[in-house]
Structures are given as structure tokens and as C-alpha cells.
Amino acid sequence: MVSKRLLMLCLIFLTAFSTVYYSQHDLTTDPSEASALAKDAYIFAYPMLENYRTMYVEAVSTENFNKFTRTETLFGPESKTVVRPNNDTIYSTAWLDLRAEPLVVELPAVSDRYFSLQLVDMYTHNFAYAGSRATGTGSVTVMIAGPYWEGETPSGIDHVFYSEGDYVYCVIRTAVNSEKPGDLQRVIEIQQRCSLLTLGEYTGIPCPETVETESFPPFDQTVADSAGFIGYFNFLLGRLKIHPSEEALIQSFSRIGVGPDKTFDPAELAEPVREAIESAMTEARQAIYHPGTTMGSITNGWSLPGRIFGNRERMQGLYLIRASAAHIGLYGNDLEEAYYPSCYFDSDGEPLDTSRFNYVISFSKEELPPVDPKGFWSITMYDENQFMVENPLNRYSIGDRSDLTYGEDGSLILYLQHESPGADKESNWLPAPDGKFTMTLRIYIPSPEGLDPLYCPPVVRKAGAVE
């Protein structure tokens, strides 16, 4: 027997689909119209495609939904899979399939370190947070539900978060102090106390409904980089509830074959139209890859990122920013959760190069990174390939959790050079590669005054030529 809920969902879907998409006009034969629509559609779809590519590798091909994957080591110089990795946190991640029922995440109390749960939807909106900043340092139980779930919230659930789509990326970050012996093991124990359950497992009442096995289209980057992206886009649109504010936009894309679960065959397009679509995609990628000042500003040699990640309300209509943000750093945090300025130039506007110069960065007490007591800050050093480099101290980041030496007035000087600045200054030394380098300052839970206006660290100055 078909369940009442499943029947209702089918009626809702069929009504919406027939109203919006079956009344669409025939595919356009006008290359100019196709070009304009394809550019906008590709920019809209780009972060969704990047998200699907990642989900396909991490969860679909490995059948790894609804379970945590945990890292148990900090990134270091041997880590070459991701550029500019942090040396501050380790991760627990999971891909959630919400089609049958909600998922429940139980988080332990964590009062002695930064700890966060981030939830990302199929659009790449950060639709919810829990942890140190968002819900406090006590234990918390959250339920993540899909767009059509209407059941009752069971007892013991502190927060219910609704996703606009069937699939959600879940990432837990837990701070590790690499300079504190045994701290990594303590964090691994915290990870193991984080649980992920189906609603049925949480309540002890099995879910009465079953869902068909999803037929995921294999991800092929060559296809995604052609007019074939529309096929992926259509599949993804069929896995989410289109927001009312975007129904007309998605309907306009139907002129090039876009629609939820609509079968797409590039061969159905006239050749001039297909060529116009792929040419428009090239233009769109140029806009995505080179967004200019729309992503932030550069001051004192520091690149200051703006509000390029967020929930639907914050990112509404900002499709190019959302796409460029996915290209630069998929699954980045809201600024309120973490703020990452990066330094590329010194006070003379020259690239940082410790084969030629030693450098210092001097903070007055008032210039120290503005951080909430529940958060922390650190600076990580990278070589010109954007990776960490081995050094004699095995130190790859430095910050307020380090054993720093401050001036009597609360000021702080950090030494950025390849060779030791001397035993009396080594506590404040961040070892640099013997060549060009860059740095990223990470502020986890910046205080409000650090975001309005955006905090800019002091300029990096030369401290003499290398002999």
C-alpha cells in the first residue's frame, strides 16, 4: 500500500512540475537567447555541480551515506591533497540522505576548545550550525530533516534544521593544539562521542516507509564542462524543493532544456544553439574564476575575504559570488564562524621571499586578532605551491594557543624567516621556507567588532636582508 505521505509528495511534485515545467515553450533555436540563458544557468548550477562531484566521490561511489568519516591526524607538510590546509582542526564528515527520514546528530559537551557542526545543502548554502558559537559549549542534539518532512519532533531534540534538498554535507571541526602533548588523542575521543543516527534508530521506532534506490548519474568532468551539465543540473533539481523566489528563473532555463528530472540530450539542440551554450559556459567560467573585488579587498598586503558563504537569506540572488566561492573554497564557513585573511605582499608591495629577507609582523595590544573567548586565532605558513614546509621546530602554525612572549604593554612581534631568530625569540618564530611564501590568519569565532568593519592585520615588514 502506498503511504499517505508518499502519495502527498507525489501529488505535490506532479502538480508543481506540470504547472511550471510541462507548460514550457519548445527549446529555443535562437543562439543569442541560448547564450544568455546558458551563462546564467551555468553560474547558478556551478556550485551544485562541484558539490555533486564531491558527493559522488565520497559517498555515492563508496555507498557511504549516513555515517561519519573521521580524520585522526592534523594536516602537515606531507598533506598534498588540498591546498592551504589548516593545522588547527581535525574533521568528522558525513553525507546525509534524508529521503526516508531525518537524521539525528548527538554532540558532546566541549568546553575547553573550539568545536563546530556545519550543515551544507545542495545549493552549497550553510543552512545551519551547532557548537561553540551557535549553540554553546554544552551537549546538544540536532535533527536534520528534508524539505517535505512533516513528522513530530521527538523528545530530547534541541534543534531541528530543515534542508531544501534530499542530501546534506555535514562537517564537524574540532580544534587541536599541536604544541600540547596528548591533545590530538583527546580530540579523537571527542570525535568518537559524536553520533549519527536515523530518526528510527534514535526513537526506537523503525521508519514505516522505504525509498527506492537512487539512480545517480556517474559524474564525468568532461560532461560537466559541456552542454551536458544540463543533465546533471536537472537531476539535482529533482532532488530538492525549488525555492519560490527562483521558480521563475528555473522556468526560464527550460528554453535550453532545464527542468527537474527532465531528460536532456544535447543532440536535441540545434548545432548553433549547442555551440552558443558551450561558448557561454566558457564566459561563465571566466567570470567565476576571476571575480575581482566582488569576493573581498586587498589592504596592507592582506587579502580580506567578504561575506562569500552563508545561508539562503544571505546568499539570495548572489549567484556569481556563490559560484566563485565554491571554486575558491568549497564548504567555506560563514564569517561569523571563521574569518581567513591571507597575506601575499610586504609593506613595499613585494612578494614575501625569505631567501632574500627576514620579516616581522608587529601587533600592538589593540591590533591583536579580535576573537571571541570561545574561539582562537592562528597563522599558518605556506610555500609558493600553497603547502606547508618541514622545519626544525615541527611548527606549522602559531597563535594565541602557542607559548608566545608578549611585550609588557601587551604587544606581540612574530618573526617570519627561514633561519632561527635566536633562542630568546624562538617562541615567536614561525619558520618559513627558503624562498617565496604566503600566510593565512584564521580567526575562529571572530568577535563582532572584527567583522564590521573587517579586521585587517598589521602589514608585514622587512627585518633585514638575509646574509
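Reading guide: rules and limits
- Residues numbered from 1 in each chain as written.
- Predicted model: local features only at pLDDT ≥ 70, side-chain atom pairs only at ≥ 80, totals over all residues.
- Heavy atoms only, no water.
- Helix = DSSP H or I, 4+ residues; strand = E, 2+ residues; numbered from the N terminus.
- Rg over C-alpha atoms; globule rule 2.2 N^0.38 Å.
- Buried < 20%, exposed > 50% of the residue type's maximum accessible area, 1.4 Å probe, protein only.
- Contact = heavy atoms within 4.5 Å.
- Pairing = 2+ DSSP bridges.
- Axes fitted to C-alpha atoms, helices over the stretch in contact; angles between N-to-C directions.
- Salt bridge = Lys/Arg side-chain N within 4 Å of Asp/Glu carboxyl O.
- Arc of directions from axis to C-beta.
- Parallel < 35°, antiparallel > 145°, perpendicular 65-115°, else oblique.
- Left-handed = near helix turned anticlockwise from the far one by under 90°.
- Phe/Tyr/Trp six-rings, centres within 6.5 Å; stacked < 30°, edge-to-face > 60°.
- Lys NZ or Arg CZ within 6 Å of the ring centre and 35° of its normal.
- Core = buried A, V, L, I, M, F, W, Y, C linked by side-chain atoms within 4.5 Å.
- Polar contact = N/O pair within 3.5 Å; in protein donor to acceptor, adjacent residues only side chain to side chain.

A. Region of the structure containing the overall build of the protein. When you go through the protein residue by residue, the secondary structure sums to ten helices and 20 strands. What you see for the protein is a C-alpha radius of gyration of 25 Å, in line with the 23 Å of a compact globule of 467 residues. For the protein, the proportion of its 467 residues judged to be buried stands at 53%. Contacts spanning at least 24 positions in sequence make up 77% of the contacts within the protein whose residues lie at least 6 apart.

B. Fine view of the sheet that holds strand β14 (residues 357-363). Taken together, the four strands give an open sheet; going across it, the order is β18-β17-β14-β20, and neighbouring strands pair in mixed fashion. Here the strands that pair on one side only, and so sit at the sheet edges, are β18 (429-431) and β20 (461-465). Direction aside, neighbouring strands of the sheet carry axes that sit 25 degrees apart on average. Sheet analysis places β14 next to β20, joined by three bridges and oriented antiparallel. Looking across to β20, one finds that Y359 is bridged to K462.

C. The pattern of salt bridges, seen in detail. Tallied over the entire structure, the rule returns 19 salt bridges. The salt bridge involving E246 is made with R312; its shortest N-O contact spans 3.3 Å. Here E246 is found in the loop between α6 (229-237) and α7 (247-252), whereas its partner R312 is found in helix α9 (residues 312-315), with 66 residues between them in sequence. Taking the relative accessible area as the measure of exposure, E246 reaches 1% and is therefore buried. Notably, a salt bridge pairs R307 with E336, separated by 2.7 Å at the nearest N-O pair. Within this pair, whereas R307 is found in the loop between β11 (302-305) and α9, its partner E336 is found in the loop between α10 (319-329) and β12 (338-339), the two being separated by 29 residues in sequence. Bridged by salt links that share partners, the residues D112, R113, D183 and R186 form one connected network.

D. Inspection of unusual backbone geometry at higher detail. The omega torsion of the bond from D452 to P453 falls at 0 degrees, within 30 degrees of zero and hence cis. Relative to the elements of secondary structure, P453 occurs in the loop between β19 (437-446) and β20. Phi at E63 takes a positive value of approximately 50 degrees, unusual for a residue other than glycine. Relative to the helices and strands, E63 resides in the loop between α2 (31-60) and β1 (69-70). For E63, a relative accessible area of 69% corresponds to the exposed category.

E. Representation of helix α3 (residues 183-192). All of the buried residues in α3 are D183, V187, I188, I190 and Q191. Angularly, the buried residues of α3 cover 155 degrees about the axis, an arc narrow enough to put them on a single face. Taken together, the buried residues of α3 touch β1, β2 (89-97), β4 (115-120) and β8 (167-175).

F. Seen up close, the sheet that holds strand β3 (residues 103-107). Reading across the sheet, the four strands line up as β7-β6-β3-β9 and stay open at both edges, with mixed pairing between neighbours. With one partner strand each, in any of the chains shown, β7 (159-162) and β9 (195-198) form the two edges of the open sheet. Across this sheet, the average inter-strand angle for adjacent strands is 25 degrees, counted without regard to direction. For strand β6 (residues 140-145) and β7, the ladder comprises four bridges, and the chain directions are parallel.

G. Spatial organisation of the packing of α2 against helix α8 (residues 271-289). Direction vectors running N to C along α2 and α8 enclose 40 degrees, while the axes themselves pass 7 Å from each other. Classified by the interaxial angle, the pair formed by α2 and α8 is oblique. In the packing of α2 onto α8, the handedness of the crossing is right-handed. Contacts between α2 and α8 involve P31, A34, S35, A38, K39, Y42, I43 and Y46 on the former and, on the latter, P272, V273, A276, I277, A280, M281, E283, A284, R285, I288 and Y289.

H. Fine view of the pairing of strand β15 (residues 371-383). Both β15 and β19 contribute to a ladder of nine bridges, which runs antiparallel. Following the sheet pairing, D383 is matched in β19 by F437. Where β15 and strand β16 (residues 397-399) come together, three bridges link them in antiparallel fashion. Pairing of S378 across the sheet is with G399, part of β16.

I. Looking closely at the packing of aromatic side chains. Tallied over the entire structure, the rule returns 27 aromatic pairs. Cation over ring: R442 sits above Y340, and NZ or CZ is 5.1 Å from the ring centre.

J. Structural context of the nonpolar core. In this structure, Y52, M55, F216, F229, F233, I256 and I277 are the most contacted members of the largest nonpolar core, which totals 53 residues. Counting only elements with at least two residues in this core, the list comes to α2, β2, β8, α6, α8 and α10. Of all the elements, α2 adds the most residues to this core, at 16 residues. With sequence-adjacent residues up to four places away left out, I277 is seen in contact with A34, A38, A227, F229, I256 and L269. With 27 residues, the next largest nonpolar core counts F357, I398, L414 and Y455 among its residues.

K. Local environment of the environment of N86. By the secondary structure assignment, N86 is in the loop between β1 and β2. Taking the relative accessible area as the measure of exposure, N86 reaches 5% and is therefore buried. In the structure, N86 is positioned 295 residues away from M381 in sequence and 9.6 Å away in space, judged by C-alpha atoms. Not counting chain neighbours up to four residues away, the residues in contact with N86 comprise F75, Y91, Y382, M388, R442 and Y444. Side chain to side chain, N86 and Y91 meet in a polar contact 2.6 Å long.

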